[in-house]
Amino acid sequence: SSGINAEWPLRPGSALESENENLKKMMMLHEQECLINQMNEAYKEFDLELVKLRADKIQLDVELKNGDLRIILLFEELLLLKEFEKRENFLQEALSSKLSDRDEMSDKIEELEEKLSNKKMYMEELQENEKLLYDSFTEQLGENNKFADFLTKVFKKKIKRVKKTAEMEGDSDESDSDDDFDSSSEEEDDDEDGVEHLDLNICPPGCSQELYDATIVMREKKLDLEEAIQEEKKIIDSLKKEVDALIKKNKVISHGVKCAKNDLEAFQLEKQKKMNELDMIVTLNLDQIQFMQNGVLPSDLSSCLVFHSAGVNQLANRIKELQQEKAQQIRKFK
């Protein structure tokens, strides 16, 4: 008991040491197993990601190739359109010019027809005024007027009126009212109606001078109306001829418009036909190809027709519908 603490070392083959080593070994084995599992999971994830990337690459390659083919097709269409562009512009300009001419001609016809309508209305107004003047003259004569025939002759007398000519600039003198009549005016033959021959230019004895002067004034109004009516008739006839001529021209122009439209339509059909002749490449999966010969896919698919699968179903359903319609018609006519 000298007071010195002594450590007692474990013996190499002791149970405690052996248990400690076994525990360490088990922990290391477990860690190793976990690392191996992590490595295997990483391998699997990498392989799956690689497969996905490969599939994406294939799909992208397909899309890129389809894009290249589409660009080639668009370029061929562009070349074809440029080839037809000059001719199309010429036909379009020709059609536009003819349409413009037709519209312009239609406007002229409409304007002249409106003017003609106004002239006809004015003509009717003049004729109505003439009728009212005759009625006014008859009313002015009154009943049992022994000079009624004479005054009627005066009123209806045909006089050659001389048109006034324009004087030189600065000369404002006007001719007298007597200058409106020709000195060689024709007088009507009074003997045809059994009226005593009287000078129509002089008021006969017994006849009211006031009534005679009023008759002369009304005759002037009548002659003015008759001249206006004749002038309007000439204008109306001239407008009718002009309208008829323009209508004939418009028919010719309309025929030209129709021909220009037909030419442009024929050109568009020709252009569309050329566009349809361009080759278009369509990417298909093998399961989309239903064209088999003896159960084998032929090497030449040029005679195949490509369309949506929905169209096949519609055609198949249509066959059944036609069969049903045929059966209904047979039953109907039995």
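A brief structural summary. (Residues numbered from 1 in each chain as written. Predicted model: local features only at pLDDT ≥ 70, side-chain atom pairs only at ≥ 80, totals over all residues. Heavy atoms only, no water.)

1. Some details on the overall build of the chain
Part 1 of the reasoning: The number of helices and strands found in the chain is 4 helices and 0 strands.
Part 2 of the reasoning: When the helices and strands of the chain are listed from N to C terminus, the series reads α-α-α-α.
Part 3 of the reasoning: Burial analysis of the chain (334 residues in total) assigns 18% to the buried set.
Part 4 of the reasoning: Looking at the chain alone, contacts between residues at least 24 apart form 75% of all its contacts between residues at least 6 apart.
Part 5 of the reasoning: With an accessible surface of roughly 27500 Å², the chain has 53% of that area assigned to carbon and sulfur atoms. (Helix = DSSP H or I, 4+ residues; strand = E, 2+ residues; numbered from the N terminus. Buried < 20%, exposed > 50% of the residue type's maximum accessible area, 1.4 Å probe, protein only. Contact = heavy atoms within 4.5 Å. Areas by Shrake-Rupley, 256 points an atom, 1.4 Å probe, with all protein chains shown as cover.)

2. A short note on the pattern of salt bridges
Part 1 of the reasoning: Counted under the stated rule, the structure contains 9 salt bridges.
Part 2 of the reasoning: For Glu88, the salt bridge identified is with Lys271, shortest N-O distance 3.2 Å. Of this pair, Glu88 sits in helix H1 (residues 15-141) while Lys271 sits in helix H3 (residues 209-276), placing them 183 residues apart in sequence.
Part 3 of the reasoning: By relative accessible area, Lys271 is classed as buried at 13%.
Part 4 of the reasoning: The residue Arg318 makes a salt bridge to Glu321 at a minimum N-O spacing of 3.1 Å. Linking Arg318 with Glu321, this pair stays in helix H4 (residues 309-332), spanning 3 residues, or about one helical turn.
Part 5 of the reasoning: The class for Glu321 is partly exposed, based on a relative accessible area of 38%.
Part 6 of the reasoning: The network of salt bridges with shared partners includes Arg318, Glu321 and Glu325. (Salt bridge = Lys/Arg side-chain N within 4 Å of Asp/Glu carboxyl O.)

3. Considering a negative patch on the surface
Part 1 of the reasoning: On the surface, Asp101, Asp103, Asp107, Glu110, Glu111, Glu113 and Glu114 cluster together into a negatively charged patch.
Part 2 of the reasoning: Inspection of the secondary structure assignment puts Glu114 in helix H1. (Patch = residues over 30% accessible without salt bridge, like charges linked within 9 Å, V, L, I, M, F, W, Y side chains within 5 Å. Lys, Arg positive; Asp, Glu negative; His and termini not counted. Charge placed at Lys NZ, Arg CZ, Asp CG, Glu CD.)

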